[in-house]
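Results of the structural survey
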Amino acid sequence: MSRKSPFNTAQNIFTDRDVFDVEGFQPKELIERDEQINEYASALEPVLNGWRPNNIFIYGKTGTGKTATTRYMLDWLRRDIEDHNEAGDDEIDLSIVYLNCEALTSSYQVAVELLNELRDEHEQVATRGHAPSDIYNWLFEELDEIGGVVLTVLDEVDNVGDDDTILYKLSRPEIENATLGVVGISNDFSFRDDLSAKVKDSLCEKEILFPAYGSEELREILFQRAEKGLHADAYDTAPVALSAAYAAQDKGSARQAIDILREAGDIARREDADEITEEHVEEAKGVVERGRVSEMIQGLSPHGQYALHALAIAERRDETPIRTKDLYEFYGSICNQHATDPLSARALRDHMSEIDLIGLATVDKKNAGRAGGKYKQYDLDVKVDRVVEAFAETDAVEVDETSYQSTL
Ligand SMILES: Nc1ncnc2c1ncn2[C@@H]1O[C@H](COP(=O)(O)OP(=O)(O)OP(=O)(O)O)[C@@H](O)[C@H]1O
């Protein structure tokens, strides 16, 4: 065994790499979100008098600070209530239940998860096998028992899809001892539009939009992290500005901007460089994009992957934007290669909407007037090479490279 350790802990670049951990690090100050903070504050303020807050629906694309701002608001709310209670005024009893619905695909699952969150470990219920009415009754019994104001935050709530029962139940509670408020967070714009009318009325008492960031804003967000996490002489304006510009050109996502700068730092470190250069950022951008694309591909169902693969073929053949019926042919031949029956054209459209939602494609609704009717067309939203590379890396779907050239 070699006596030399394989680890290199010398640090010219980072003073604290954890500052670039997008999920784990919560900044004390949020850049350029004053408007959203004010709106959020006015919706939650009634809690500070012990009253029911407005139900709030937060929406905006990925990486626009919805979760970070929510955490920031909840921290302040807890702190202000503590001060209020310590001052000996009428005690306010606030409980906050935060749930990320990423892996929860129905209202039933969210209700079970919430119930288990509220119950102690000996009273947990199984995720299957109970009547939904029992689950809701038990949930409301728990909430009633907690009492006071209970604020439930459902992050990534769009995962429940069409079934918005839980939102209806939580936003119109009829329980005796507790006052409930609900915050729903979503990056799916159509989820809000598709909510049933009764849920829309009650959940969206207050709606707050988080727009994508521009490069100036991203630059500030990155400087905030760089000051905390990088050696002062390991960076200057150019690489930071370039990371911000790349992310702004793409989705305007702070998550992506931070990932690029962190990756650039890692590359600089691996090269034993003293500072991050624009070349490092350039390389980092490719790494981050590839990682993002493969992660998203792995998250798609097999038919979602075939649909994306079909779109990549159309792009390679210069046939994008492409309409559903034409895309369906490519999709059909890919299913063929995988010895699977293709789903219906409608299912293909649904898969394309999902792919649009995660940012790999764009769906455009077109109206060709009386003669042509309405139709949808699709375009790839990332470089086709990134998709091909990602398919090649993941073993999820084997890509037959020749299908890019062949006539179908
Ligand atoms: N205004 C801001 N100031 C400082 N940091 C920010 C700001 N907005 C976002 N960030 C940081 O960017 C990262 C992504 O933000 P966040 O998770 O809040 O986005 P999101 O809108 O909830 O995205 P998603 O929909 O993908 O969950 C986090 O690390 C967050 O701290």
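Residues numbered from 1 in each chain as written. Predicted model: local features only at pLDDT ≥ 70, side-chain atom pairs only at ≥ 80, totals over all residues.

**Observations regarding helix H10 (residues 254–270)**
Turn by turn, an α-helix covers 3.6 residues, leaving residues three or four places apart pointing in a common direction. Here is the rule: Runs of E in the DSSP output that reach at least two residues are strands. Runs of H or I that reach at least four are helices, and both are numbered from the N terminus. By definition here, a helix of n residues has an expected span of 1.5 Å times n minus one. Around each residue's C-beta, the other C-beta atoms within 10 Å are counted; 20 or more make the residue buried, 12 or fewer make it exposed, and counts in between make it partly exposed. All C-beta atoms are placed from the backbone.
Taking 1.5 Å of rise per residue, 17 residues should cover 24 Å, and H10 covers 24 Å from first to last C-alpha, within 8% of that figure. With 13 of 17 residues buried, H10 lies mostly within the body of the structure.

**Overview of the UniProt feature "binding site: ATP" (unreviewed entry) in the protein**
The following threshold applies: UniProt positions are given in the numbering used here, feature names are shortened, and annotations may be inferred rather than shown by experiment. Here, residue contact means that the backbone-derived C-beta atoms of the two residues sit within 7 Å.
Here, the residues flagged by UniProt with the feature "binding site: ATP" (unreviewed entry) are Thr 64, Gly 65, Lys 66, Thr 67, Ala 68, Tyr 213 and Arg 225. With respect to the helices and strands, Lys 66 occurs in helix H2 (residues 66–86). A count of 23 C-beta atoms within 10 Å places Lys 66 in the buried class. Among residues more than four places away in sequence, those in contact with Lys 66 are Ile 58, Gly 60, Ile 185 and Phe 210. One can find Thr 67 in helix H2. Setting aside residues no more than four positions away along its own chain, Thr 67 makes contact with Asp 155 and Ile 185.

**A short note on the domain arrangement of the protein**
Put simply, the rule is: Note that the domain bounds reflect an automated or database-derived domain assignment. Ten residue types, Ala, Val, Leu, Ile, Met, Phe, Trp, Tyr, Cys and Pro, are classed as nonpolar, four, Asp, Glu, Lys and Arg, as charged, and the remainder, Gly among them, as polar.
Split into domains, the protein comes out as domain 1 (32–210), domain 2 (213–296) and domain 3 (300–404). With 6 residues of domain 2 at the contact, the number on the domain 3 side is 11 residues. Considering only residue class, the side of domain 2 that touches domain 3 consists of 2 nonpolar, 1 polar and 3 charged.

**Points about the environment of Asp 194**
Within the secondary structure layout, Asp 194 lies in helix H6 (residues 189–194). Residue class for Asp 194 comes out partly exposed when judged on the 14 C-beta atoms lying within 10 Å of it. In this structure, the C-alpha to C-alpha distance between Asp 194 and Asp 162, residues 32 residues apart in sequence, is 7.6 Å.

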